[in-house]
Amino acid sequence: MIDSSLKQMAAALASKRISSVELTQLFLDRIDRLNPRINAFITVDPERSLTQAKAADVRIARGDAGPLTGIPIAHKDIFCAKGWRTTCGSRMLDNFIAPYDAHVISQFDQAGAVNLGKTNMDEFAMGSSNETSYFGVVRNPWDLARVPGGSSGGSAAAVAARMAPAATGTDTGGSMRQPASLCGLSGLKPTYGICSRYGMIAFASSLDQAGPMAKSAEDLAWMMNVMAGFDARDSTSLERAKEDYTRDLDRPLAGLKIGLPKEYFADGLSDGVARVVQEAIDQYRKLGAHTVEISLPNTRLSIPVYYVLAPAEASSNLSRYDGVRYGYRAPEYSDLADMYCKTRAQGFGAEVKRRILIGTYVLSAGYYDAYYLQAQKIRRLIAQDFVEAFKKCDVIMGPAAPGTAFKIGEKAHDPVAMYLEDLYTIAVNLAGLPGMSIPAGFSDGLPVGLQIIGNYFSEARMLGIGHQYQQVTDWHTRMPEGIA
Ligand code: GLN
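Keep in mind that this is a model prediction, so the values were computed, not measured.

Draft legend 1. The overall build of the protein chain, seen in detail. Along its length, the protein chain carries 15 helices and 11 strands. Scaling as 2.2 N^0.38, a compact globule of 484 residues should have a C-alpha radius of gyration of about 23 Å, and the protein chain matches this with 21 Å. Seen through its principal axes, the protein chain has C-alpha atoms that stretch 65 × 55 × 45 Å. Looking at the protein chain as a whole, 62% of its 484 residues are labelled buried. Expressed as a percentage of contacts within the protein chain between residues at least 6 apart in sequence, the contacts between residues at least 24 apart total 77%. Of the accessible surface of the protein chain, which amounts to about 17600 Å², a share of 53% is contributed by carbon and sulfur atoms. Averaged over its 50 positive side-chain charges, the protein chain has a centre that lies 2 Å from the centre of its 51 negative ones.

If you want it as structure tokens, here you go:
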């Protein structure tokens, strides 16, 4: 059962072969057994989860179950869930109990899904390895000496080790696609504005987007049917008709035009990843797709632009953690200013402080024009690159990350090396486009993801493109050995 798809789990629940309480307990037991080694969860609350499972069983018995009713789902600890401790991976929110639900959480609640627990993450979603978490590193189930990627590394490790059937994540610059790649999972960052940011703790608001992480593209589609949708409480939420994200799963790929950006197959890409990605593209050719070379000339500017804009937004968003309203407060201080300083000095970790310093600097009166404004202009050019590219192709394919999972500690003290992990993902956030990573093979025994980038609102088609590949390959079914 732990290896089943969401569809198979829903069928098992519907036919009463298993109850939601039993299914939830099965995963809680695995968490009990495996989490001490992997550290994918910050908070589990079996009593709360099982209460939801009991309610789901009642719904199923009444005959009013939806597709995810009774299925346990893990949530990145960036989503406020009423009554649950919600830390965002930070000491600042170590003891914060959310007084309300994020929109995404209430969507899962209404669907009757069970909240299985809150997953570990880089502090305030800043990082690519999960090493910046106040709650300790997460270990990659494929090799416990390696990182799972980040910032949604806890969600990725939880699903990879089959401690959860699926999980939510967020992606500001690559935080779902890169850990999906490093852990052998499927992960989708939707078009900006598809999933409400209400109750999702803000990092860089113009880039942050929630999405699903799961074993297969089909599971992602099932998750999207619950997560996506308009919410008036998020001013950037898009008012669009409800979509069925499973609608293109069976659509054939004959005639599909795949764009291959030459900048994505250049310096910086490891040989092992390049080989796996090329093999995946060959497989797509066999399925009837053809390829065209395209260019995204501003790719090399995406990391510098992001590291001006994201810290700028973060410095503003994180000003709310002042020790007054909620979260951590320094125990000893002399006056109000001293309280602010000590609270923030003690409550935030090094990477978060680095971002606040950069962000405050680039927004300061003397440097705003030179950095922030310039970066905004280049952001526009980066988005324009994709507009041009999509005149020549239906989707873009390339690597999701430049390499495979790296060793814990290997890049922790080299911020630039860490930032380069998002070389192929960040432009997608800057443009607000949807991007997905699916398992495409292995290099030296470690998973490698294929990234698929679509035009705005093409999620259903992208999921179909992923699903068709997963009908003829079995990479997405592989499970880490040694994690029993
Ligand atoms: N790795 C990037 C960063 O550190 C992206 C993180 C994310 O997508 N949340 O900011």
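On we go.
Draft legend 2. Molecular detail of unusual backbone geometry. Omega for the bond connecting G150 with S151 falls within 30 degrees of zero, at 10°, which places this linkage in the cis form. Among the secondary structure elements, S151 is positioned in the loop between β3 (114-119) and α5 (153-160). Despite not being glycine, F124 has its phi angle at roughly 50°, a positive value. Counting through the fold element by element, F124 comes out in the loop between β3 and α5. Residue classification places F124 among the buried positions, given a relative accessible area of 1%. Non-glycine residue D444 carries a positive phi angle of around 50°. Take D444: it is sitting in the loop between β10 (435-443) and β11 (446-454).

Draft legend 3. Broad picture of the site of the ligand. The ligand sits among 15 residues. The nearest are T172, G173, S175, Y306 and D422. Contact between the ligand and Y307: an oxygen atom at 3.3 Å from a side-chain N or O atom of the residue. Note that a nitrogen atom of the ligand is positioned 2.5 Å from one of the side-chain N or O atoms of D422. In isolation the ligand has 290 Å² of accessible area, and contact with the protein removes 99% of it. A class-by-class count of the residues in the shell around the ligand yields five nonpolar, seven polar and three charged.

Draft legend 4. Structural detail: the side chain of S129. Topologically, S129 is positioned in the loop between β3 and α5. There is a polar contact of 2.6 Å between the side chain of S129 and the side chain of E131. Those residues within four positions of S129 in sequence are excluded, and the remaining contacts are D122, V147, P148, G149, G150, F406 and M418.

Draft legend 5. Inspection of the packing of helix α9 (residues 302-317) against helix α11 (residues 350-363) at higher detail. Between α9 and α11, the shortest axis-to-axis distance is 7 Å and the interhelical angle comes to 100°. With respect to α11, the element α9 is oriented roughly perpendicular. Here Y307, V308, P311, A312 and S315 of α9 lie close against α11, whose contacting residues are R355, I356, I358, G359, T360, V362 and L363. A breakdown of the residues in the contact of α9 with α11 according to their chemical character gives eight nonpolar, three polar and one charged.

Draft legend 6. Region of the structure containing the packing of aromatic side chains. With the rule as written, the count across this model stands at 17 aromatic pairs. Geometrically, the ring pair formed by Y264 and Y424 is tilted, given 5.3 Å between the ring centres and 45° between the ring planes. Placement of Y264 in the loop between β7 (257-261) and α8 (271-286) and of Y424 in the loop between α13 (415-419) and α14 (426-431) is noted, with a sequence separation of 160 residues between them. As far as the burial class goes, Y264 and Y424 line up, both buried. Members of the aromatic cluster, connected to one another through ring pairs, are F96, F124, Y321, Y326 and F348. The ring of F457 carries the charged tip of R240 above its face, separated from the ring centre by 3.8 Å.

Draft legend 7. Up close: the environment of G211. Along the polypeptide, G211 turns up in strand β6 (residues 210-214). On the basis of relative accessibility, which here comes to 0%, the residue G211 falls in the buried class. For the pair formed by G211 and P399, sequence separation is 188 residues and the distance between their alpha carbons is 19 Å. Beyond its immediate sequence surroundings of up to four residues, G211 is in contact with A167, T168, G169, M176, L188, P190 and M227.

Draft legend 8. Broad picture of the environment of K118. Residue placement: K118 occurs in strand β3. Judged by relative accessible area, which is 0%, K118 ranks as buried. On a C-alpha basis, the gap between K118 and D45 in space is 9.1 Å, while along the polypeptide they are 73 residues apart. Beyond its immediate sequence surroundings of up to four residues, K118 is in contact with F41, I42, T43, H75, K76, D77, F79, A81, W84, R85 and T86.

Conventions used here
Residues numbered from 1 in each chain as written. Predicted model: local features only at pLDDT ≥ 70, side-chain atom pairs only at ≥ 80, totals over all residues. Heavy atoms only, no water. Helix = DSSP H or I, 4+ residues; strand = E, 2+ residues; numbered from the N terminus. Rg over C-alpha atoms; globule rule 2.2 N^0.38 Å. Buried < 20%, exposed > 50% of the residue type's maximum accessible area, 1.4 Å probe, protein only. Contact = heavy atoms within 4.5 Å. Areas by Shrake-Rupley, 256 points an atom, 1.4 Å probe, with all protein chains shown as cover. Lys, Arg positive; Asp, Glu negative; His and termini not counted. Charge placed at Lys NZ, Arg CZ, Asp CG, Glu CD. Near = heavy atom within 4 Å. Polar contact = N/O pair within 3.5 Å; in protein donor to acceptor, adjacent residues only side chain to side chain. Nonpolar A, V, L, I, M, F, W, Y, C, P; charged D, E, K, R; others polar. Axes fitted to C-alpha atoms, helices over the stretch in contact; angles between N-to-C directions. Parallel < 35°, antiparallel > 145°, perpendicular 65-115°, else oblique. Phe/Tyr/Trp six-rings, centres within 6.5 Å; stacked < 30°, edge-to-face > 60°. Lys NZ or Arg CZ within 6 Å of the ring centre and 35° of its normal.

Structural measurements only, silent on function.
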